[in-house]
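# Summary of structural features
The chain contents come next:
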Amino acid sequence: MDKKFEGIYSNGKKLFTQNLVCGAKVYGEKLVVDAGTEYREWNPFKSKYCAAIANGLKTNIFGKDSVVLYLGSAEGTTVSHVSDLVGSKGVIFCVDLSEIAMQKLNALAKIRENIFPILSDAQKIDNYSEYLDEGVDVLFQDVSQRNQTEIFLKNAVFLKKGSFGALSLKTKSISQSKGKKQILEEETAKLEDVFTIEQIVNLEPFEKEHYLILVRKK
Ligand SMILES: C[S@@+](CC[C@H](N)C(=O)[O-])C[C@H]1O[C@@H](n2cnc3c(N)ncnc32)[C@H](O)[C@@H]1O
């Protein structure tokens, strides 16, 4: 395995994270042992962050021991890889409004102790601000809502100054009539008061009409 970033590996074809819970799969992914270490295959068709890495993301925002606020965690597919990356001393506060998804995430949190599920609409930040009063090192968002940029900006209040965030932008959820490039420009402009834009990664062919916008809080 070649190291791509801290905690993220490649065998030349596929991406992997080192399994924090040896022997345990989360969503049917392949487990691979190399030189005595177990890795979990990371599928770019199932994870927008993985798609961004496959498409040339220059910075891995999830470090060892990071405190992460993850909006739109769903059942925890990507969260499980973030869990590998932040390790047993990191924590991922996972917000999702789907009760069904949250049931699966709660089960995952029993196996992976760095996952902290929160059933809430990410627009209602007062529902979970009590957990985040010391601030977070990373803000990640993957919710397909018309006002996804506004949700991200609202939650930026928790992100420490100088820290990284990433917004997975689904342009089709914002407008069906405007072109994806125009939507990207308009949404990026909204972020510029609060963030420096570090990189924009087109997620095709893994995800149609999606971009990952990597930002740093001013
Ligand atoms: C595309 S899925 C996320 C997939 C996940 N990030 C992954 O890679 O494994 C989007 C999720 O956002 C959640 N969602 C949509 N609007 C939301 C909101 N306003 N607040 C919290 N979660 C929301 C949905 O319930 C859904 O689970």
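In the block above lies the structure referred to throughout.
Keep in mind it's a predicted model, so treat the numbers as computed, not measured.

### A few points about the packing of aromatic side chains
Applying the stated rule across the entire model yields twelve aromatic pairs. Aromatic pair Tyr49 and Phe62: ring centres 4.9 Å apart, planes at 75°, arrangement edge-to-face. Linking Tyr49 in helix H1 (residues 48-54) with Phe62 in the loop between H1 and strand E6 (67-71), this pair joins segments that are 13 residues apart in sequence. Summarising the burial analysis for this pair, Tyr49 and Phe62 share the class buried. Taken together, the ring pairs connect Trp42, Tyr49, Phe62, Tyr70 and Phe140 into an aromatic cluster.

### Examining the nonpolar core
Across soluble globular proteins, nonpolar side chains show a tendency to be buried alongside one another. The biggest cluster of nonpolar side chains holds 35 residues, and the ones touching the most others in it are Trp42, Ile61, Phe62 and Ile92. Per element, the largest residue contribution to this core is five residues, and it comes from H1. Those residues in contact with Trp42 that lie beyond four places of it in its chain are Ile8, Leu15, Phe16, Thr17, Tyr27, Ser47, Tyr49, Cys50, Ile53, Thr78, His81 and Leu85. The next biggest cluster of nonpolar side chains, apart from the first, holds 27 residues, and it includes Tyr128, Val143, Ile151 and Val215.

### Notes on the side chain of Ser80
In this fold, Ser80 is placed in helix H2 (residues 77-86). For Ser80, a relative accessible area of 0% gives the class buried. A distance of 2.7 Å separates the side chain of Ser80 from the side chain of Arg40, its partner in a polar contact. With sequence-adjacent residues up to four places away left out, Ser80 is seen in contact with Val26, Tyr27, Arg40, Leu108 and Arg112.

### As for helix H6 (residues 180-191)
Between its first and last C-alpha atoms H6 spans 17 Å; for twelve residues at 1.5 Å apiece the expected length is 16 Å, and the two agree. Of the surrounding elements, those touching the buried residues of H6 are helix H4 (148-155), strand E10 (159-170), helix H5 (171-174), strand E11 (195-202) and strand E12 (210-217).

### Remarks on the sheet that holds strand E4 (residues 31-34)
Reading across from one edge, E1-E2-E3-E5-E4 is the order of the five strands in this open sheet, with antiparallel pairing throughout. Of all strands in the sheet, those bounded by a partner on one side alone are strand E1 (2-5) and E4. When strand polarity is set aside, the average angle formed by the axes of neighbouring strands in this sheet is 45°. Note: E4 against strand E5 (residues 37-42), four bridges, orientation antiparallel. By the bridge assignment for E5, Val32 is matched with Tyr39.

### Quick look at the pairing of strand E3 (residues 15-18)
Judged from the three bridges that link them, strand E2 (residues 8-10) and E3 form a sheet pairing that is antiparallel. Bridge pairing in E3 places Ile8 opposite Thr17. Between E2 and E3, which pair antiparallel in sequence order, lie four residues; one of them, Gly12, sits at a positive phi of approximately 95°. Here four bridges tie E3 to E5, and the two strands are oriented antiparallel to one another. Residue pairing for E5: Leu15 is matched across the bridge by Trp42.

### Side note on the site of the ligand
Taken together, 17 residues form the shell around the ligand, and within it Tyr70, Thr78, Asp96, Asp142 and Gln145 come nearest. The separation between an oxygen atom of the ligand and a polar side-chain atom of Asp96 is 2.7 Å. Starting from 600 Å² of accessible surface for the ligand in isolation, the protein chains cover 84%. Using a 2 Å cut-off from the grid points, one finds that the ligand occupies the largest pocket. Residues of the shell around the ligand, tallied by class, amount to five nonpolar, seven polar and five charged.

The rules we used
- Residues numbered from 1 in each chain as written.
- Predicted model: local features only at pLDDT ≥ 70, side-chain atom pairs only at ≥ 80, totals over all residues.
- Heavy atoms only, no water.
- Phe/Tyr/Trp six-rings, centres within 6.5 Å; stacked < 30°, edge-to-face > 60°.
- Helix = DSSP H or I, 4+ residues; strand = E, 2+ residues; numbered from the N terminus.
- Buried < 20%, exposed > 50% of the residue type's maximum accessible area, 1.4 Å probe, protein only.
- Core = buried A, V, L, I, M, F, W, Y, C linked by side-chain atoms within 4.5 Å.
- Contact = heavy atoms within 4.5 Å.
- Polar contact = N/O pair within 3.5 Å; in protein donor to acceptor, adjacent residues only side chain to side chain.
- Expected span 1.5 Å × (residues − 1).
- Pairing = 2+ DSSP bridges.
- Axes fitted to C-alpha atoms, helices over the stretch in contact; angles between N-to-C directions.
- Near = heavy atom within 4 Å.
- Areas by Shrake-Rupley, 256 points an atom, 1.4 Å probe, with all protein chains shown as cover.
- 1 Å grid on protein atoms, 1.4 Å probe; cavity = no way out; pocket = protein on both sides within 12 Å on 5 of 7 lines; lining within 4 Å.
- Sits in = over half its atoms within 2 Å of the grid points.
- Nonpolar A, V, L, I, M, F, W, Y, C, P; charged D, E, K, R; others polar.

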